[in-house]
Amino acid sequence: MTGDPMTGALAGVRVVDLTSYIAGSYGAMMLADLGADVIKVEAIEGDSFRELPGFYGWNRGKRSIAANVKDPDGRAIVHRLAREADVVMENMRPGVVERLGVDYETLRALNPRLIYATVTAFGSDGPYQERPGFDPLLQAMGGVMTLQGFGAAPQYLRIAVTDYYCAALNCQMVLAALFARERTGKGQRVQTSLLQAVLALQSGNVVAYPGHEIVYRSTPTYRLYQGSDHEWFFLAVGNQSFWVKLCRAVGREDLAQDPRFGSWFARRDNADALMPLLEEAFGSRPAAEWVRILTAHDIPAAATQSLREFMRDPAVLHHKMIVEYDHPELGPLSLMGQPLRFSETQAPDAGPPPLLGQHTAEVLREAGYADHEIAELRRRGVVAGKDMPS
């Protein structure tokens, strides 16, 4: 971490991160962004996602130690770290941590105050516990792709929404367990899964009751439109007040009094009559001009653009949501800024993502290993790193 180590809501909290992929790694990074000291324990060859650019966006602010946990001495390193840790996080397939000897029961015996966070695809028990799973599978199973298809062919959402929300749940359950420990003095195991996340992120869609209808029908006042220049913008008229303003903005105040369009559902059910009127109106000017007009009328609307364009948006820059690092391998590296603001306990910038094994010797020394012991572990291939003693 950079800056004053005693600032940040989680200053003084140590996390042993045994995770990879997104739901595990990003959840641990969220804790690092809050000031926790996160030690990422990687295989000698590194996290399997290190080859992806996204790795840098899921592992900021961590310290990396490269160790072969399959070796008894590598396992002993994790045990020693766990004795002094507040949190251990893992997202291996069910049964793997037990075979490696880094499971909850083993580590709890060493540290009863330990919070042990587990993320799986389908749960650590149940009918699908043995199945491998990634975000797109849960998008498919959980109805996300069907919903995106909107009555046509299913559509794969290219943002890993299940993974990202599962990461947030991962962080959330760790924070809750840390708070509970302040009152009870006891650690515990906390768990979530991609299966649970894909339902949780659709809380409003899971609602069901007699007579509740599921309709794949576009609402004319909540959709994409094209301007005369064929550029796109989204219109989000989410209530009756905005609808009246929209009628005024497009020069059709008479529509506000038309009973066919008198409510959200009425506009949806009479889309065949309303949509051509709006398409004709919006086709008369360029999209950017319509966004300007709609915004001036206090109507929610936004032009579509790329993420790279949004990264240069004045509001994004104002909120410092893009940060830059001088990475030793990549050079200039832009990442997402910290999304949370605290009036009293703002953590300093957590720093760039680590190189593989960048902090191996540093972490081992803190754990009580002497330099000659570290050198021997390196010679035997139990550990590797950038800062190893000769």
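The paragraphs below set out a description of the structure included in this document. (Residues numbered from 1 in each chain as written. Predicted model: local features only at pLDDT ≥ 70, side-chain atom pairs only at ≥ 80, totals over all residues. Heavy atoms only, no water.)

**Overview of the packing of aromatic side chains**
Each aromatic ring pair is specified by the distance between its two centres and by the angle formed by the two planes. The test is simple: The rule is short: rings of Phe, Tyr and Trp, with Trp giving its six-membered ring, pair when the centres are within 6.5 Å, and they are stacked under 30 degrees, edge-to-face over 60, tilted in between. The criterion for a charge sitting over a ring is simple: Lys NZ or Arg CZ within 6 Å of the ring centre, and within 35 degrees of the ring normal.
Taken as a whole and judged by the stated rule, the model has 14 aromatic pairs. Joined through ring pairs, the aromatic side chains of Tyr21, Phe49, Trp58 and Phe134 make up one cluster. Lying across the ring of Tyr369, Arg80 places its NZ or CZ 3.9 Å from the centre. The ring of Tyr225 carries Arg223 above its face, with NZ or CZ at 4.4 Å from the centroid.

**Describing the nonpolar core**
Spelled out, the test is: Residues grouped as a nonpolar core are buried Ala, Val, Leu, Ile, Met, Phe, Trp, Tyr and Cys residues, joined through side-chain atoms within 4.5 Å. A simple rule labels every residue: compare its accessible area, found with a 1.4 Å probe on the protein chains alone, to the largest value its type can have, and call it buried under 20%, exposed over 50%, or partly exposed in between. The numbering of helices and of strands both runs from the N terminus, where a helix is a DSSP run of H or I of at least 4 residues and a strand a run of E of at least 2. Contact definition: two residues touch when any of their heavy atoms are within 4.5 Å.
Val15, Leu31 and Met89 are the most contacted members of the largest nonpolar core, which totals 38 residues. Mapped onto this core, the elements with two or more residues apiece are α1 (25–33), β4 (87–90), β5 (115–120), α8 (161–184) and α9 (194–200). Per element, the largest residue contribution to this core is eight residues, and it comes from α8. With residues up to four places along the chain from it excluded, the contact list for Leu31 reads Leu10, Val15, Ala36, Val38, Met89, Cys171, Val174 and Leu175. Ranked by size, the runner-up nonpolar core spans 30 residues in total, among them Ala85, Leu100, Tyr104 and Val383.

**Topic: the packing of α1 against α8**
When two helices pack together, their arrangement is given by the angle between the helix axes and by the axis-to-axis distance. Note the cut-off: Axis definition: a line fit to C-alpha positions, over the contact stretch in the case of helices; interaxial angles, taken between N-to-C directions, run 0 to 180 degrees. Comment on the angle field: the value is read as roughly parallel under 35 degrees, roughly antiparallel over 145, roughly perpendicular from 65 to 115, and oblique elsewhere. Should the near helix be turned anticlockwise from the far one by less than a right angle, the crossing is left-handed, and should it be turned clockwise, the crossing is right-handed. Amino acids are sorted into nonpolar (Ala, Val, Leu, Ile, Met, Phe, Trp, Tyr, Cys and Pro), charged (Asp, Glu, Lys and Arg) and polar (every other residue, Gly among them).
Contact pair α1 / α8: the axes reach a minimum separation of 7 Å and the direction vectors enclose 50°. Considering their axes alone, α1 and α8 lie oblique with respect to each other. Like other packed secondary-structure pairs, α1 and α8 cross with a definite hand, here right-handed. In this structure, α1 uses Tyr26, Gly27, Met30 and Leu31 to contact α8, whose residues at the interface are Tyr164, Ala167, Ala168, Asn170, Cys171, Val174 and Leu175. Here the residues of the contact of α1 with α8 sort into nine nonpolar, two polar and no charged.

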